[in-house]
Amino acid sequence: MVTAEKAEVADEQEVIGIIIEGLPRAYPLRQLSNLLEHVVNDHVLDSSGSPKAFAVTYCNLTGCIRVLESPVELGGKNLGVVTIGMID
(Lines give C-alpha, C1' and ligand atoms only; values in the text may rest on other atoms or scores of the structure.)
Protein backbone atom coordinates (compact mmCIF):
# COMPACT_ATOMS: atom_id res chain seq x y z
CA MET A 1 0.00 0.00 0.00
CA VAL A 2 1.21 3.46 -0.87
CA THR A 3 -0.17 6.97 -0.61
CA ALA A 4 -1.88 8.53 -3.63
CA GLU A 5 1.16 10.75 -4.15
CA LYS A 6 3.44 7.70 -4.49
CA ALA A 7 1.07 5.52 -6.51
CA GLU A 8 1.96 4.90 -10.13
CA VAL A 9 -1.45 4.47 -11.72
CA ALA A 10 -2.01 5.48 -15.34
CA ASP A 11 -5.15 7.49 -16.15
CA GLU A 12 -6.56 4.61 -18.23
CA GLN A 13 -5.81 1.92 -15.61
CA GLU A 14 -8.89 0.32 -14.02
CA VAL A 15 -9.20 0.41 -10.24
CA ILE A 16 -11.66 -0.65 -7.60
CA GLY A 17 -12.58 2.61 -5.89
CA ILE A 18 -14.26 2.76 -2.50
CA ILE A 19 -14.91 5.37 0.15
CA ILE A 20 -14.79 4.09 3.72
CA GLU A 21 -15.10 6.34 6.76
CA GLY A 22 -15.04 9.25 4.30
CA LEU A 23 -11.62 8.25 2.95
CA PRO A 24 -11.20 7.35 -0.74
CA ARG A 25 -9.17 4.22 -1.55
CA ALA A 26 -8.21 2.74 -4.93
CA TYR A 27 -6.99 -0.79 -5.67
CA PRO A 28 -5.62 -1.37 -9.21
CA LEU A 29 -7.17 -4.39 -10.95
CA ARG A 30 -3.80 -5.16 -12.54
CA GLN A 31 -2.32 -6.03 -9.14
CA LEU A 32 -5.45 -7.87 -7.96
CA SER A 33 -5.42 -10.06 -11.10
CA ASN A 34 -2.30 -11.94 -10.00
CA LEU A 35 -3.04 -15.49 -8.87
CA LEU A 36 -2.08 -15.01 -5.21
CA GLU A 37 -3.31 -11.41 -4.86
CA HIS A 38 -7.11 -11.50 -5.23
CA VAL A 39 -7.68 -10.17 -1.69
CA VAL A 40 -6.50 -6.96 -0.06
CA ASN A 41 -6.86 -6.60 3.71
CA ASP A 42 -6.80 -2.96 4.75
CA HIS A 43 -7.94 -0.65 7.51
CA VAL A 44 -8.69 2.99 8.22
CA LEU A 45 -9.25 4.85 11.47
CA ASP A 46 -12.88 5.64 12.28
CA SER A 47 -14.05 8.93 13.80
CA SER A 48 -13.10 7.73 17.29
CA GLY A 49 -9.58 6.81 16.17
CA SER A 50 -10.21 3.06 16.29
CA PRO A 51 -9.09 0.90 13.36
CA LYS A 52 -11.86 -0.28 11.03
CA ALA A 53 -10.85 -3.40 9.12
CA PHE A 54 -12.12 -4.26 5.65
CA ALA A 55 -11.18 -6.48 2.73
CA VAL A 56 -11.48 -5.98 -1.03
CA THR A 57 -11.70 -9.05 -3.25
CA TYR A 58 -11.56 -9.41 -7.03
CA CYS A 59 -11.91 -12.40 -9.36
CA ASN A 60 -10.39 -11.73 -12.77
CA LEU A 61 -12.19 -14.76 -14.26
CA THR A 62 -15.72 -13.50 -13.48
CA GLY A 63 -15.12 -9.80 -12.81
CA CYS A 64 -16.70 -10.23 -9.38
CA ILE A 65 -15.79 -7.58 -6.79
CA ARG A 66 -16.67 -7.74 -3.10
CA VAL A 67 -15.94 -5.36 -0.26
CA LEU A 68 -16.23 -6.80 3.21
CA GLU A 69 -16.28 -4.72 6.36
CA SER A 70 -16.83 -5.33 10.02
CA PRO A 71 -20.36 -4.35 11.10
CA VAL A 72 -20.47 -2.17 14.21
CA GLU A 73 -22.91 -4.51 15.96
CA LEU A 74 -20.32 -7.31 15.85
CA GLY A 75 -17.71 -5.22 17.61
CA GLY A 76 -15.33 -5.22 14.64
CA LYS A 77 -14.45 -8.90 15.01
CA ASN A 78 -16.08 -10.37 11.89
CA LEU A 79 -16.26 -9.28 8.27
CA GLY A 80 -19.47 -9.19 6.25
CA VAL A 81 -20.34 -8.30 2.65
CA VAL A 82 -21.12 -4.65 2.00
CA THR A 83 -23.59 -3.71 -0.73
CA ILE A 84 -21.68 -2.00 -3.50
CA GLY A 85 -22.62 -0.42 -6.80
CA MET A 86 -20.95 -1.32 -10.06
CA ILE A 87 -19.84 1.31 -12.56
CA ASP A 88 -18.97 0.44 -16.14
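Read on for an overview of the structure. No experiment lies behind these values; they were computed from the predicted model shown. (Residues numbered from 1 in each chain as written. Predicted model: local features only at pLDDT ≥ 70, side-chain atom pairs only at ≥ 80, totals over all residues. Heavy atoms only, no water.)

## Considering the overall build of the chain
The secondary structure content of the chain amounts to 1 helix and 6 strands. Sequence-distant contacts in the chain: of pairs separated by 6 or more residues, those separated by 24 or more amount to 23%. Working note: accessible area of the chain is about 6,600 Å², and carbon and sulfur atoms make up 55% of it. (Helix = DSSP H or I, 4+ residues; strand = E, 2+ residues; numbered from the N terminus. Contact = heavy atoms within 4.5 Å. Areas by Shrake-Rupley, 256 points an atom, 1.4 Å probe, with all protein chains shown as cover.)

## Regarding the side chain of Asp 42
Topologically, Asp 42 is positioned in strand 3 (residues 39-45). On the basis of relative accessibility, which here comes to 10%, the residue Asp 42 falls in the buried class. Polar contacts involving the side chain of Asp 42 include one to the side chain of Tyr 27, which spans 2.6 Å. (Buried < 20%, exposed > 50% of the residue type's maximum accessible area, 1.4 Å probe, protein only. Polar contact = N/O pair within 3.5 Å; in protein donor to acceptor, adjacent residues only side chain to side chain.)

## Looking at unusual backbone geometry
Although it is not a glycine, Glu 21 adopts a positive phi angle of roughly 55°. Mapped onto the elements of the fold, Glu 21 is located in the loop between strand 1 (15-20) and strand 2 (23-28). Among the residues examined, Glu 21 registers a relative accessible area of 39% and is labelled partly exposed.

## Concerning the nonpolar core
Formed by 13 residues in total, the largest nonpolar core has its most connected members in Ile 16, Ile 18, Tyr 27, Leu 32, Phe 54, Val 56 and Tyr 58. Every element with two or more residues in this core is listed here: strand 1, helix 1 (29-32), strand 3, strand 4 (51-59) and strand 5 (64-69). Once residues within four sequence positions are removed from consideration, Leu 32 is found in contact with Ile 16, Tyr 27, Glu 37, His 38, Val 39, Val 40 and Tyr 58. (Core = buried A, V, L, I, M, F, W, Y, C linked by side-chain atoms within 4.5 Å.)

## Focus: the side chain of Gln 13
Note on placement: Gln 13 falls in the segment before strand 1. Once residues lying within four places of it in the same chain are set aside, the contact partners of Gln 13 are Glu 8, Pro 28, Arg 30 and Gln 31.

## So, the environment of Gly 17
Along the chain, Gly 17 turns up in strand 1. On the basis of relative accessibility, which here comes to 58%, the residue Gly 17 falls in the exposed class. Those residues within four positions of Gly 17 in sequence are excluded, and the remaining contacts are Arg 25 and Ala 26.

## Considerations on the pattern of salt bridges
Counting across every chain of the model gives 2 salt bridges. A salt bridge links Asp 42 to Arg 25; its shortest N-O distance comes to 2.9 Å. Of this pair, Asp 42 sits in strand 3 while Arg 25 sits in strand 2, and the two are 17 residues apart along the sequence. Using a relative accessible area of 28% as the deciding quantity, one classes Arg 25 as partly exposed. (Salt bridge = Lys/Arg side-chain N within 4 Å of Asp/Glu carboxyl O.)

## Examining the pairing of strand 2
Both strand 1 and strand 2 contribute to a ladder of 6 bridges, which runs antiparallel. Bridge pairing links Ile 20 to Leu 23 in strand 2. With antiparallel pairing between neighbouring strands as the criterion, strand 1 and strand 2 make up a hairpin whose turn holds 2 residues, including Glu 21 at a positive phi of roughly 55°. (Pairing = 2+ DSSP bridges.)

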